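Residue strings, one per chain:
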Amino acid sequence: GHAVTPFESCGRAERTGTRIRFRPDPAIFPSIHFDLDAIGQRLREVAHLNPALTIHFGKHVYRERRGLVAWARRLLDDDTGEPSEIVRAQSATRQGVTIDVAFGWKRDGRPGVLHAFANQSRSSTDSAQVLGFWDGVRQALGESARGARRRVLIERLWPGLAAIVNVSLTDPHFANPLGTRLENPEIRTLTRTVVAEACYGDFASRALDPGAVDEKR
């Protein structure tokens, strides 16, 4: 919009935050309809990606202080309030890039799901951080997965997977106009390291079932 008055100092505020109000221009949008379900879903994503943020939308409040861990646990029906045995999470900032991951497996026949984001926007399954996720899983499995093709690895480990990978960086390079395929090579490498570090102890052997990926084809 266009400013109609200059900025004025109104003294110290009693609250903090940003309030956004807008009205679609009927000259551009002749039919105005908001999909409240879609908006709510996106705001829930933003709340998980930004644990320190509280979002008020109408009468609804979106806030998730546990971040991606809570999202992964809900996907796995593991949100019991007790420490999780099947979800691992890791956050790291390296080379000016922040990577947050949360993932786990529940081998009960459910289909897998992997949500990837770059600077809060959704990424495709061939984006650098997704490739790095699978590289990290392969590294965690060690000899059991060495030499296995990525397609075979994904086929074997996809059932029961719940994973969220979010990267924040100042200089993203995208391979498509929509900005859904991140191609920074360093992101793949950094994500691999973070995911592998999250699989500490016997988590890889317990949760990832390395015997399921010994087929090389």
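No experiment lies behind these values; they were computed from the predicted model shown.

S.K.: Would you explain the sheet that holds strand β3 (residues 87-94) in this entry?
M.R.: Two orientations exist for strands paired in a sheet by backbone hydrogen bonds: parallel and antiparallel. Taken together, the five strands give an open sheet; going across it, the order is β3-β4-β7-β5-β6, and neighbouring strands pair in mixed fashion. The sheet terminates laterally at β3 and β6 (121-122), the two strands that pair on one side only. For β3 and strand β4 (residues 97-105), the ladder comprises eight bridges, and the chain directions are antiparallel. Bridge pairing in β4 links R88 to F103. Here helix α3 (residues 128-141) sits on the sheet in contact with β4, β5 (113-118) and β7 (161-168), set at roughly 130 degrees to β5.

S.K.: Teacher, can you tell me more about helix α5 (residues 185-198) here?
M.R.: For an α-helix, the turn length of 3.6 residues means that residues three or four places apart are oriented alike. Between its terminal C-alpha atoms α5 stretches 21 Å, which fits the 20 Å expected from 14 residues at 1.5 Å a residue. For α5, the set of buried residues is I187, L190, T191, V194, V195, A196 and A198.

S.K.: When you look at the environment of A175 in this model, what are you seeing that I'm missing?
M.R.: As for its position among the elements, A175 is in the loop between β7 and α5. Taking the C-alpha atoms as reference points, A175 and S127, 48 residues apart in sequence, are found 8.9 Å from one another.

S.K.: Can you walk me through the packing of aromatic side chains in this structure?
M.R.: Centre distance and the angle of the planes are the two values used to describe a pair of aromatic rings. Inspection of every chain in the model, using the stated rule, returns four aromatic pairs. Arranged with centres 5.5 Å apart and planes meeting at 85 degrees, the rings of F103 and F133 form a pair that is edge-to-face. One end of the pair, F103, is in strand β4; the other, F133, is in helix α3, and 30 residues separate them in sequence. Of the two residues examined, F103 and F133, each falls in the buried class. Each ring, one from F133 and one from W134, has its centre 5.2 Å from the other, and the planes form 80 degrees; the classification is edge-to-face. The pair F133 / W134 is uniform in exposure class, with both members buried. An aromatic cluster is present here, built from F103, W105, F133 and W134 joined pairwise through their rings.

S.K.: Looking at this structure, I do not really get the nonpolar core. What am I missing?
M.R.: Across soluble globular proteins, nonpolar side chains show a tendency to be buried alongside one another. One finds F103, L114, F133, W134 and V137 to be the most contacted residues of the largest nonpolar core, which totals 30 residues. Those elements that place two or more of their residues in this core are β4, β5, α3, α4 (150-157), β7 and α5. Considering every element that reaches this core, the biggest residue donor is α3, with six residues. If sequence neighbours within four positions are ignored, F133 has contacts with F103, W105, L114, L161, A163, V165, T191 and V195. L68, A72, A162 and I164 belong to the second-largest nonpolar core, a separate cluster that totals ten residues.

What counts and how
Residues numbered from 1 in each chain as written. Predicted model: local features only at pLDDT ≥ 70, side-chain atom pairs only at ≥ 80, totals over all residues. Heavy atoms only, no water. Pairing = 2+ DSSP bridges. Helix = DSSP H or I, 4+ residues; strand = E, 2+ residues; numbered from the N terminus. Contact = heavy atoms within 4.5 Å. Axes fitted to C-alpha atoms, helices over the stretch in contact; angles between N-to-C directions. Expected span 1.5 Å × (residues − 1). Buried < 20%, exposed > 50% of the residue type's maximum accessible area, 1.4 Å probe, protein only. Phe/Tyr/Trp six-rings, centres within 6.5 Å; stacked < 30°, edge-to-face > 60°. Core = buried A, V, L, I, M, F, W, Y, C linked by side-chain atoms within 4.5 Å.

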